[in-house]
Amino acid sequence: MPRNLYEGSILKNIGIFSIPFLISNFLQTLYGMADLFIVGQFTDAAGITAVAVGSQVMHFVTVILVGLTMGSTVLISQAVGAKRNRSISRILGNTTLVFCVLAVLLMAVLLAFCPQIVSLLSTPTEAVEGTVNYLIICFLGIPFITAYNVIAAAFRGLGDTKSPMYFITVACVLNIALDYLFIGGLQMGASGAAVATVVAQTFSVGLSLWAIKYSRRVNFGVTLSRKDFKPHKALLAAIAKIGIPVAAQDGFIQVSFLFITLIANSRGLEIAAAVGVVEKIICFLFLVPSAMLSTVSAVSAQNIGAGSFDRARKTLYCGMGIAAGFGLFCGILFQFISEPVLALFTEDPKVIVFGTQYLHAYVFDCMVAGIHFCFSGYFCACGRSIISFVHNAISIVTLRVPGAYFASVWYPDTLFPMGIATLTGSFLSVVICVVVYFSIKSPKSHIK
C-alpha cells in the first residue's frame, strides 16, 4: 500500500524512508565487495582483475538504470500525494512497457560491443578472456537487473523502502552462497561470480513479483489493467524529462571519477593505489548523502503532489541538515583515524601517507556534496532534474577534473591539493543550487 509521507513529522518520514534505503545500498555494496573477496580466495590475479573491471562496467550500467527510473519514482510519489490511484496504475504500466523495451535494446547493444568495451578499459591481456566472459553473462542478465531496479523504484515512489530492502537482503545472502558454490566448488572463476550475481538478481525479481501478487504485507495497493500498458505520450515524456538528466548526471560523475583515476595512475604506483583505496572509503561514506538524495526526492514529490509546497521545502532543509551533519562528523573524525583505516587495506607506508593526505581533504566532500545532493533530489521532485545535471556538469568540467590535473602538476609530492580540487567542485555545485533554488517559482505537480 502507498505510504503517506506528506503528513506528520517530516523528520520521522525521512527516517522511515531513508533508513531501509540506506541498508539496501549498504547490502548492494557489500555483495559487490563479496564477489571480489571470494574470487580472490580461489583464483589468481587475472581472475581478480576480471571481476574488478567487469563489476566497474556493471556498476556504471546500474547507475544509469537507477537514474532513468528516477522519473517513475517522482511521478508515482506525486500521484500518491495527489491521491490518484488511476494515475499510479498508468505510470506503473507505462514504466513497465518502456523499460522492457530498453532492457532488450541495452542487452543487445552491450553484447555486440563487449570486446570493444573490455579493450577500451585497457584490461591487462591475462584478464581479457575472463572479463569478456564475466560481462557476457552479466549482460545477458540485464533484463532481470532492469526489472529489479524498476520494481525498487516503484516501491520508493509509493513510500515503501522496506520491501526492496528485504528483497536485496535475500539476493545478497544467495549471491554470497552461490559465489562459494560456483567459484570455490565448481572452480568457474570470474564466470562463476557473474552467474551468481545474475541468478541472485533473478531470484530477487521473482520473489518481489510473488510478494506483490500474494503477500498481504507487500502490496502496491493498485491494480493494473491492459489499458495501463498503452503508451501515453505525455506520461512517457515526463518520465524521460526527469529520468534522462539524472542518468546523464550519474554517468558524467562516473566518467569524472575515471579521469581522476587516470590522472592518479600517471603519478606512480603508490599514488594510484592510495587514490584507489580512498575512493573505496569515500564511496562507502557517500551512502548517506545518496540516501538523502533519494529520500528528499520521494518525500518532497509526495508533498508537491499533495500541494504542500512548504513541507516539500522543509523536507529539503531537514535532508541537508542530516547529510551535512553526517559529512562534518566524518570530516572531523577522519582527521584522526585516516591512517589506521588505510592500514586495513594496505601495509605499504607510502600508500598510507599519500592516502592520508588525500583523505584529509577529500572527506569533507561528504559534507558539501551532501548539500547539493539534497538540492538535486528536490529539483527532481519538482520535475527539474535538468538543473541537477547542469550544476554537476559545470562543476566537473570547470573545477573537479581540471583542478585534479593541475594539482597533480603543481604539487607532485602530495595529494592534499588534489583532494581540495575535488572539494571545490562540490562548493561550486552548492553555489549554483542556492542561486537556482531562490530563482525558481513554486514547484508544480506533473500529475493530472
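Description of the structure in this document. Predicted, not measured: the structure shown is a model, and the values here were computed from it.

### Brief notes about the overall build of the protein chain
Tallying secondary structure elements over the protein chain gives 16 helices and zero strands in all. Evaluated residue by residue, the protein chain yields a buried proportion of 53% over its 448 residues. Restricting to contacts in the protein chain with at least 6 residues of sequence separation, those with at least 24 account for 83%.

### Looking at helix α13 (residues 349-362)
For α13, with 14 residues, the first-to-last C-alpha span of 20 Å sits near the 20 Å given by 1.5 Å per residue. Listed in full, the buried residues belonging to α13 are Val351, Ile352, Phe354, Gly355, Thr356, Tyr358, Leu359, Ala361 and Tyr362.

### Notes on the pattern of salt bridges
When their charged atoms lie close together, side chains carrying opposite charge are able to pair. Inspection of every chain in the model, using the stated rule, returns two salt bridges. The partner of Lys314 in a salt bridge is Asp310, with the nearest N and O atoms 3.4 Å apart. Within this pair, Lys314 and its partner Asp310 are both found in helix α12 (residues 309-343), separated by four residues, close to a single helical turn. Here Lys314 falls in the partly exposed class, since its relative accessible area comes to 40%. Here Asp365 makes a salt bridge to Arg400, at a shortest N to O gap of 3.8 Å. Of this pair, Asp365 sits in helix α14 (residues 365-381) while Arg400 sits in helix α15 (residues 385-410), and the two are 35 residues apart along the sequence.

### Quick word on the packing of helix α11 (residues 287-305) against α14
Across the interface, α11 lies against α14 with an axial gap of 7 Å and an inter-helix angle of 30°. Taken as axis vectors, α11 and α14 run roughly parallel relative to one another. Here α11 and α14 pass one another in a crossing that is right-handed. Contacts between α11 and α14 involve Pro289, Ser290, Met292, Leu293, Val296, Ser297, Ser300, Ala301 and Ile304 from the first element and Cys366, Gly370, Phe373, Cys374, Ser376, Gly377, Tyr378, Cys380 and Ala381 from the second.

### Brief notes about the side chain of Asp179
Following the sequence through the fold, Asp179 ends up in helix α7 (residues 162-185). Looking at Asp179, the relative accessible area reads 0%, which means it is buried. With residues near it in sequence (within four places) discarded, Asp179 still touches Ala34, Asp35, Ile38, Gly184, Gly192, Ala193 and Ala196.

### Digging into the packing of α12 against α13
Contact geometry of α12 with α13 gives a least axis separation of 9 Å together with a crossing angle of 145°. For the crossing formed where α12 meets α13, the hand is right-handed. Here Phe334, Gln335, Ser338, Glu339, Leu342 and Ala343 of α12 come into contact with α13, specifically with Ile352, Gly355, Thr356, Leu359 and His360. A class-by-class count of the residues in the contact of α12 with α13 yields five nonpolar, five polar and one charged.

### Digging into the side chain of Ser388
Checked against the element boundaries, Ser388 lands in helix α15. The exposure class assigned to Ser388 is buried, which follows from its relative accessible area of 0%. Setting aside chain neighbours within four positions, we find Ser388 in contact with Gln249, Ser376, Phe379 and Cys380.

### Comments concerning the environment of Phe257
Within the element layout of this structure, Phe257 appears in helix α9 (residues 233-265). A sequence separation of 22 residues divides Phe257 from Glu279, and the C-alpha atoms of the two residues are 8.8 Å apart. With near-sequence residues (within four places) excluded, Phe257 lies in contact with Glu279 and Tyr362.

### A few points about the environment of Ser72
Position of Ser72 among the secondary structure elements: in helix α2 (residues 45-81). Residue classification places Ser72 among the buried positions, given a relative accessible area of 2%. The spacing of Ser72 and Ile91 is 19 residues in sequence and 6.9 Å in space, taken between C-alpha atoms. Sequence-distant contacts of Ser72, defined by excluding residues within four places in its chain, comprise Ile91, Thr95, Phe99 and Ile239.

### Notes on the packing of aromatic side chains
Under the definition given, this model contains 13 aromatic pairs. Here the aromatic residues Tyr317, Phe375, Tyr378, Phe379, Tyr437 and Phe438 are joined through ring pairs into a cluster of three or more.

### Some points on the environment of Gly370
Relative to the helices and strands, Gly370 is located in helix α14. Judged by relative accessible area, which is 0%, Gly370 ranks as buried. Sequence separation between Gly370 and Val288 is 82 residues; the distance between their C-alpha atoms is 8.1 Å.

How each quantity is defined
- Residues numbered from 1 in each chain as written.
- Predicted model: local features only at pLDDT ≥ 70, side-chain atom pairs only at ≥ 80, totals over all residues.
- Heavy atoms only, no water.
- Helix = DSSP H or I, 4+ residues; strand = E, 2+ residues; numbered from the N terminus.
- Buried < 20%, exposed > 50% of the residue type's maximum accessible area, 1.4 Å probe, protein only.
- Contact = heavy atoms within 4.5 Å.
- Expected span 1.5 Å × (residues − 1).
- Salt bridge = Lys/Arg side-chain N within 4 Å of Asp/Glu carboxyl O.
- Axes fitted to C-alpha atoms, helices over the stretch in contact; angles between N-to-C directions.
- Parallel < 35°, antiparallel > 145°, perpendicular 65-115°, else oblique.
- Left-handed = near helix turned anticlockwise from the far one by under 90°.
- Nonpolar A, V, L, I, M, F, W, Y, C, P; charged D, E, K, R; others polar.
- Phe/Tyr/Trp six-rings, centres within 6.5 Å; stacked < 30°, edge-to-face > 60°.

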